[in-house]
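If you want the building blocks of each chain, they are given just below.
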Amino acid sequence: NQPEVLLAIESSCDETAAAVIDCDLNVLSSVIATQDELHQRFGGVVPEIASRAHLSNILPVIDEALRKSERKLEDLSAIAVMTQPGLVGSLLVGLTAAKTLALVLNKPLVAVNHIHAHLYACQMIAEEEIFPAVGLVVSGGHTNLYDCRSTTEYELVGSTIDDAAGEAFDKAAAMLGLPYPGGPHIARVAQQGNPKAFRFPRTFIKDERLAFSFSGIKTSMRYTALGQPGAREEPLPLTEQRIADLSASYQEAIVDVLIAKCHQAAKKFGRKSLCVGGGVAANQRFRERLDELQEREGIQVTIAPMSLCTDNAAMGAIAWELLKQGDIADLDVDVTPGLVR
Ligand code: KG4
Ligand code: ZN
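Looking at an unreviewed UniProt entry, one finds the chain named tRNA N6-adenosine threonylcarbamoyltransferase and attributed to Thalassoglobus polymorphus. Turning to the chain, the UniProt annotation filed under Catalytic activity (unreviewed entry) states: "L-threonylcarbamoyladenylate + adenosine(37) in tRNA = N(6)-L-threonylcarbamoyladenosine(37) in tRNA + AMP + H(+)". Its UniProt record, at the heading Subcellular location (unreviewed entry), says of the chain: "Cytoplasm".

Put into structure tokens, the structure is as follows:
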């Protein structure tokens, strides 16, 4: 008499992922096929390449998730799939696979919001209920603040007006000649750098709006590292120490803004709990500063574990909550590429 299990599928961006999760939120298997290598030489995700890679990866990934979980297709109680937001072609691959399985197995289909799932990942490791809370999802594609009233009611209360924080990390890394995706590399070389060596802009930090903007800091990095267009002087050579100092200062500026906005949102909505997810939440300096925020302001901070920070299907466990509420999708449900909630 084993607990019920569901299969969750994720293909919103450049990771093809599948996971089997039981109704007690135990992750029996979580398989992720990354496409980093395919996109590396373009310095960013190429949508057409991403959808083609999903197409060849999706069935092997689902197969492997089932095999590792030691459950069979017939054991599944439901099929969950991330339907928004993301790249339209990428999302469609996961959704089509999920619909097919739901139809053939005659099991409920659950449509999951990828960003909500990033926040729910925090609940998966928490010992107590973390909601109500404010939530920050900070990744290569998103920098979004939420007021989370309950486990499944998330209201988008702020986001970036241009680039996502992760994208700002990735673009800066490219300028410094570091590999893609650049966030972890900036973080690594920053350990040897001085965070006060350069003064990068902290856009909107004093602004009352819960909004982010990272295009200014990116431009600032370009001018400082590679020189101003039309400038008479050549930029200083990018020595190892200069790269480290630039990285540390850049990282500090982004982290300053993220921390300030989390604090501001918590105050605005009167929340004493903060949950943080998405790829950038893997950043060590950001984690240290979140610890400080928790100490200083008495806000309970829950950060998604590393394995659930970057894109994965295990966070699709939120589907169990949706199922409990009878939130089952029709088989004609479509993908929603843009972020609406
Ligand atoms: O959530 P995720 O895997 O994919 C998206 O949905 O975007 O996030 C990937 C992003 C990339 O921009 C990557 O550079 C960034 O997260 N990232 C980091 C770190 N690890 C990953 N940024 C800063 N520091 C890190 N340690
Ligand atoms: Zn994501």
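Would you mind going over unusual backbone geometry with me for this structure?
What you tend to see is this: most non-glycine residues have negative phi, and most peptide bonds are trans. A cis amide bond, omega -15°, links Gln-84 with the succeeding residue Pro-85. Relative to the elements of secondary structure, Pro-85 occurs in the loop between β4 (76–84) and α3 (88–105). Cis peptide bonds are those with omega within 30 degrees of zero, and the linkage from Tyr-180 to Pro-181 qualifies with -10°. One non-glycine residue, Leu-25, lies in the positive phi region at around 70°. The residue Leu-25 is located in the loop between β2 (15–22) and β3 (27–34) in this model. Residue Leu-25 is classed as partly exposed on the basis of its C-beta count, with 16 C-beta atoms lying within 10 Å. In this structure, Asn-106 takes a positive phi of about 55° despite not being glycine. Looking at the secondary structure, you find Asn-106 in the loop between α3 and β5 (109–113). Overall, Asn-106 belongs to the exposed group, with 6 C-beta atoms counted inside 10 Å.

Hey, could you run me through the confidence of the model for the chain in this one?
Interpretation of the predicted coordinates at a detailed level should be avoided for regions scoring low in pLDDT. For the chain, per-residue confidence averages 95 on the pLDDT scale, and 100% of positions sit at 70 or higher. This prediction of the complex comes with two scores: 0.92 for pTM and 0.98 for ipTM.

Is there a simple way to explain the site of ligand 1 in this structure?
Contacts to ligand 1 come from 20 residues, most closely from Gly-140, Gly-166, Gly-183, Gly-279 and Thr-310. At the level of secondary structure, the elements contributing two or more residues to the shell around ligand 1 comprise α5 (165–175) and α6 (183–190). Per-element accounting of the shell around ligand 1 gives the leading share, four residues, to α5. Tallied by class, residues from the shell around ligand 1 come to seven nonpolar, 10 polar and three charged.

Would you explain the environment of Leu-178 in this entry?
For Leu-178, the position within the fold is in the loop between α5 and α6. C-alpha of Leu-178 to C-alpha of Cys-13: the two residues are 165 residues apart in sequence and 22 Å apart in space.

Got a minute to help me understand the UniProt feature "binding site: Fe cation" (unreviewed entry) in the chain in this structure?
The feature "binding site: Fe cation" (unreviewed entry), as given by UniProt, occupies His-114, His-118 and Asp-311 in the numbering adopted here. The largest pairwise C-alpha distance within this set of annotated residues, which runs over 198 residues, is 8.9 Å, so the set is compact in three dimensions. Following the sequence through the fold, His-114 ends up in helix α4 (residues 114–125). Residue classification places His-114 among the buried residues on the basis of 26 C-beta atoms within 10 Å. With near-sequence residues (within four places) excluded, His-114 lies in contact with Ser-12, Met-82, Gln-84, Pro-85 and Gly-86. Residue His-118 is classed as buried on the basis of its C-beta count, with 31 C-beta atoms lying within 10 Å. Excluding residues that lie within four positions of it along the chain, His-118 makes contacts with Val-137, Gly-277, Gly-278, Ala-304 and Met-315.

In this structure, what is going on with the domain arrangement of the chain? I would like to understand it.
Put simply, an interface is often sized by how much accessible area is lost when its parts join up. The domain architecture assigned to the chain consists of domain 1 (5–118 + 311–324) and domain 2 (127–309). Averaged C-alpha coordinates put domain 1 and domain 2 at centres separated by 27 Å. Contacts between the two partners involve 12 residues from domain 1 and, on the opposite side, 15 residues from domain 2. Of all the elements in the fold, those that place two or more residues in the side of domain 1 that touches domain 2 are α1 (36–40), α4 and α11 (318–324). Looking at the side of domain 1 that touches domain 2, the element that brings in the most residues is α4, giving three residues.

Help me understand the sheet that holds strand β11 (residues 300–303) in this model?
Sheet strands pair via backbone hydrogen bonds, and the direction of the pair is either parallel or antiparallel. Judged by pairing direction, the sheet is mixed, and its six strands sit side by side in the order β9-β8-β7-β6-β10-β11 without closing on themselves. Either end of the sheet is taken by a strand with one partner, and the two such strands are β9 (211–212) and β11. Summarising the sheet, strand β6 (residues 133–138) and strand β10 (residues 273–277) pair through four bridges and their orientation is parallel. If you follow Val-137 over to β10, its bridge partner there is Gly-277. Strands β10 and β11 of the sheet are contacted by helix α9 (residues 284–297), whose axis makes an angle of about 160° with β11.

What counts, and at which threshold
- Residues numbered from 1 in each chain as written.
- Chains lettered and ligands numbered in written order.
- Predicted model: local features only at pLDDT ≥ 70, side-chain atom pairs only at ≥ 80, totals over all residues.
- UniProt positions renumbered as here; feature names shortened; annotations may be inferred.
- Helix = DSSP H or I, 4+ residues; strand = E, 2+ residues; numbered from the N terminus.
- Buried ≥ 20, exposed ≤ 12 C-beta atoms within 10 Å, placed from the backbone.
- pLDDT = per-residue confidence, 0-100.
- Near = placed C-beta within 6 Å.
- Nonpolar A, V, L, I, M, F, W, Y, C, P; charged D, E, K, R; others polar.
- Contact = placed C-beta atoms within 7 Å.
- Domains from an automatic or database assignment.
- Pairing = 2+ DSSP bridges.
- Axes fitted to C-alpha atoms, helices over the stretch in contact; angles between N-to-C directions.

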